[in-house]
Amino acid sequence: MKVALIGAGPRGLLVLERLIAWQQQMSALPLTITLFDPYPIGGRVWRRDQAPQLIMNTAAQHITLFYDRTVQEPGPIMPGPSLAQWAVKEAATFLRSRGKSARPYLAEAATLGPNDYPSRALYGYYLAWFYAEMHRRKRPNVALVFKQTMVQAVSPDPFTVHTAAGAECFDAVVLALGTMPNSLTREQAAFTAFAKAHQRVYLPPSFPAEGDLSRLGPQDVVAMRGLGLSFFDYVSRLTEGRGGHFRNEQGQLTYQASGAEPHIIAGSRRGLPYHAKARNEKAPGEAWPPRFLTAQQLANWAASGPITGKQFFQGLKTEVGFVYYSLLLAQQHPEVDLPSFQADYMTDPAEALAALKLPAAELLDWTALTTPPQGDDPKAMLIYLAKDAAEAERGSKTGPLTSALEVLRDLRDTIRQVVDLGLLTDDEYLDFFLRWFNGTNDFLSIGPPVIRIEQLRALIAAGIVTIAPPQITIATAGTDFIVRSQAAEFERHATALIEARVPAPNAGAAQNPLMQQLLHDGLATLMELQLAGDRRFQSGAVLVDRHSAQLLDQKRRTQGKFFFWGVPTEGLNWLTTASPRPFSDDVNLRLANRIARQILD
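Reference entry: report on the structure contained in this document. (Residues numbered from 1 in each chain as written. Predicted model: local features only at pLDDT ≥ 70, side-chain atom pairs only at ≥ 80, totals over all residues. Heavy atoms only, no water.)

### Focus on the pattern of salt bridges
The criterion, for reference: In the sections that follow, a salt bridge refers to a side-chain nitrogen of Lys or Arg positioned within 4 Å of a carboxyl oxygen of Asp or Glu. The helix count covers DSSP runs of H or I at least four residues long, the strand count covers runs of E at least two residues long, and both are numbered beginning at the N terminus. Partly exposed describes any residue whose relative accessible area lies between the buried limit of under 20% and the exposed limit of over 50%, with all areas from a 1.4 Å probe on protein chains only and scaled to the type maximum.
Tallying each qualifying case throughout the model produces 32 salt bridges. A salt bridge links arginine 435 to aspartate 431; the nearest nitrogen and oxygen atoms lie 3.1 Å apart. Here arginine 435 and its partner aspartate 431 are both found in helix H16 (residues 426-445), four residues apart, which amounts to about one turn of the helix. Classification of arginine 435 as exposed rests on a relative accessible area of 55%. Among the charged side chains, a network of salt bridges with common partners joins Lys282, Glu406, Arg409, Asp410 and Arg581.

### Some details on the sheet that holds strand E5 (residues 159-163)
Quick reminder of the rule: Pairing between strands requires that DSSP locate at least two bridges from one strand to the other. Axis definition: a line fit to C-alpha positions, over the contact stretch in the case of helices; interaxial angles, taken between N-to-C directions, run 0 to 180 degrees.
With respect to topology, three strands assemble into an open sheet ordered E4-E5-E6, the strand pairing being antiparallel. Bordering the open sheet on either side are strand E4 (151-155) and strand E6 (166-170), each of which pairs with just one other strand. Neighbour-to-neighbour, the strand axes of this sheet turn through a mean angle of 20°, independent of strand direction. Of the pairings in the sheet, the one linking E4 to E5 comprises four bridges and is antiparallel in character.

### With respect to the nonpolar core
Note the threshold: Residues belong to a common nonpolar core when they are buried Ala, Val, Leu, Ile, Met, Phe, Trp, Tyr or Cys residues joined through side-chain atoms within 4.5 Å. Any two residues whose heavy atoms approach within 4.5 Å at even a single point are treated as in contact.
In this structure, Ile6, Met224, Phe231, Phe312, Phe433, Met515 and Leu518 are the most contacted members of the largest nonpolar core, which totals 117 residues. Dropping the residues within four chain positions of it, isoleucine 6 is found in contact with Phe36, Val151, Val154, Val161, Val173, Val174, Leu175, Ala176, Leu177 and Leu514.

### Let's talk about the packing of helix H15 (residues 412-420) against H16
Here is the rule we go by: Any angle that is under 35 degrees is reported as roughly parallel, and any over 145 degrees as roughly antiparallel; angles of 65 to 115 degrees are reported as roughly perpendicular and all others as oblique. Only Asp, Glu, Lys and Arg are considered charged, only Ala, Val, Leu, Ile, Met, Phe, Trp, Tyr, Cys and Pro nonpolar, and every remaining residue, Gly among them, polar.
Direction vectors running N to C along H15 and H16 enclose 170°, while the axes themselves pass 13 Å from each other. By the criterion of interaxial angle, the relationship of H15 to H16 is roughly antiparallel. In this structure, H15 contributes Arg412, Ile415 and Val419 to the contact, and H16 contributes Tyr429, Phe433, Phe437 and Ser445. Broken down by class, the residue content of the contact of H15 with H16 amounts to five nonpolar, one polar and one charged.

### Digging into unusual backbone geometry
For the peptide bond that leads from aspartate 157 to proline 158, omega is -10°, which places it in the cis range. Its place among the elements puts proline 158 in the loop between E4 and E5. At glutamine 250, a residue that is not glycine, the phi angle is positive and equals roughly 55°. Its location among the elements puts glutamine 250 in the loop between strand E10 (245-249) and strand E11 (252-256). Positive phi is not limited to glycine here, since aspartate 534 has a value of about 60°. Its location among the elements puts aspartate 534 in the loop between strand E18 (526-531) and strand E19 (535-542). Since its relative accessible area comes to 71%, aspartate 534 is described here as exposed.

### Overview of the side chain of serine 548
Put simply, the rule reads: Identification of polar contacts relies on pairs of N or O atoms within 3.5 Å, with a donor-acceptor requirement for protein atoms, meaning one able to donate a hydrogen and the other able to accept it, and with residues adjacent in sequence counted only if both atoms are side-chain atoms.
Locating serine 548 in the fold gives a position in the loop between E19 and strand E20 (550-552). In terms of polar contacts, serine 548 uses its side chain to reach the side chain of glutamine 550, at 2.9 Å. Other than its neighbours up to four places away in sequence, serine 548 contacts Phe563, Ile595 and Gln598.

### Focus on the environment of isoleucine 63
Among the secondary structure elements, isoleucine 63 is positioned in the loop between strand E2 (31-36) and helix H2 (83-89). Among the residues examined, isoleucine 63 registers a relative accessible area of 0% and is labelled buried. For the pair isoleucine 63 and aspartate 410, spaced 347 residues apart in sequence, the C-alpha to C-alpha distance is 15 Å. The contacts of isoleucine 63, once residues within four sequence positions are left out, are Met56, Thr58, Ser82, Leu83, Pro118, Tyr123, Tyr126, Pro580 and Pro582.

### Here's the deal with the sheet that holds strand E7 (residues 172-175)
The strands making up a sheet associate through backbone hydrogen bonding, with each pair oriented either parallel or antiparallel. With mixed pairing, the six strands of this open sheet are ordered in space as E3-E2-E1-E7-E21-E20. Across the chains shown, the open sheet's two edge strands, defined by having one partner strand only, are strand E3 (142-147) and E20. Here the average twist between neighbouring strands, direction ignored, is 30°. With six bridges joining them, E2 and E3 adopt parallel strand pairing.

### A look at helix H17 (residues 450-461)
For an α-helix the count is 3.6 residues per turn, leaving residues at separations of three or four pointing the same way. Stated formally: In a helix, the anticipated span is given by 1.5 Å times the number of residues less one.
The first and last C-alpha atoms of H17 sit 17 Å apart over twelve residues, in line with the 16 Å expected at 1.5 Å per residue. Of all the residues in H17, the buried ones are Val450, Arg452, Ile453, Gln455, Leu456, Ala458, Leu459 and Ile460. Taken together, the buried residues of H17 touch helix H7 (229-238), E10, E11, helix H13 (378-393) and strand E13 (465-467). Taken from the residues just after H17, glycine 463 is the one with a positive phi, measuring 80°.

Structure, rendered in structure tokens:
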């Protein structure tokens, strides 16, 4: 049997591991598995040649590629180390075997603790080791082939993979594509033309590790649109990457400039950087359980008909509040009978809170969580960031606020069920979930490690970074980009503009020849929402069978052993960029196992 895995990033490697495991249990049939990717093993995001200061936003012990006993899909288990365990046991030998380019990561691996945030390049080496480990574990009648090339097209009957080198037939094909660059919007094309005409720099949404920053120097003012994870990557490249240094002086970071940094003006609609990740205190598999959005509650909603986004979010806020007030009362109000309060809260949260008569400053204020300081006073932003960092340092099981926000991370599977069960109408799904909830959830729960917030505070204090007030707009005048805010009197001129975000998942606009071919030939189609008033909304999500991950064609039919999963399905599926977590019945491990079993069945 011949299987093609198109995409050699984490998802492609997950299916590879499952194929090897199932082949050992199910069949003595010879198996050839060919991986295709224009980038080395590990894929584009986890390239091993990127700057070492670019770090992940997940603790090392919470990253794995190995199937485990908690996965609620029957499958053979071939145990293996998490990233943290690999760094301790296998990394040194493997890194030394990879030559001179890998040696700088020996020190990082040797000192990497389970709750540290590894560099993305080190994760890339973990992925490369994993592929080598699959070579070691496979049966002799299994052949693994890696072709570092772009797949141009896939045709059916039989499945044929087309590359620049020719065509090859397969019995099954799995597309495990990641984030893909999109064609430019009208605004992005206009900014590109403006920058070219005036010898300025403009970077559209792309991968922060790759953007060409060589033309930017200390004479430049760089505008950045976006305050999420890509923003922190670009800032790191323009500061630490230019020879600057952070120092810890009396418990607070300060920044020693190298003189090669440009000035950075950054902003977003919300006007706040993503909340810092809590200092991790959780072991693998440890999570806050659902108490309100239980499987039974979801089943009741599914039976009674569609719910509103407000109903769903109220349930989620109640979950967050349970953890917040339980920790707050245990730490600051030992006189309160905590079990009694929790029982009352489970029955009527509002009444239970009212009976406590807590001061306003101790209440969980959702508006305050998402409201930036007024005006453009850097001192106010410094105070805000200091508070955010301090809360994060209290930990993911101890600090009331950051522990409560961890609930959004721990209940990801519950949130996925809301999507998969179709509990929201298409109008609610579009307006509430896709357009509001996704951004709010990212802001509250998918932020950077606390060190990034502390570094940002130091850079603001050093005059390197300015955070603009909310609702920024970008225009051009003369030879400059102009940064303004709709929420305050603010105007700055910039000589460069960076869109500090990765390309949005949008298969219809993707500049990927394979994606374009699949859509053009009707082998793939995009998800559509049926809105009120006979209106239809075409999303950018590739339509697949959610359970089997089989690709659906233009007539919404499955096509045999032709599978598609990952980032291009975002919108149909939810939060497709998350790394697999050990001992948590991870959705990525479940789906990889299901795909592999269907291929070999």
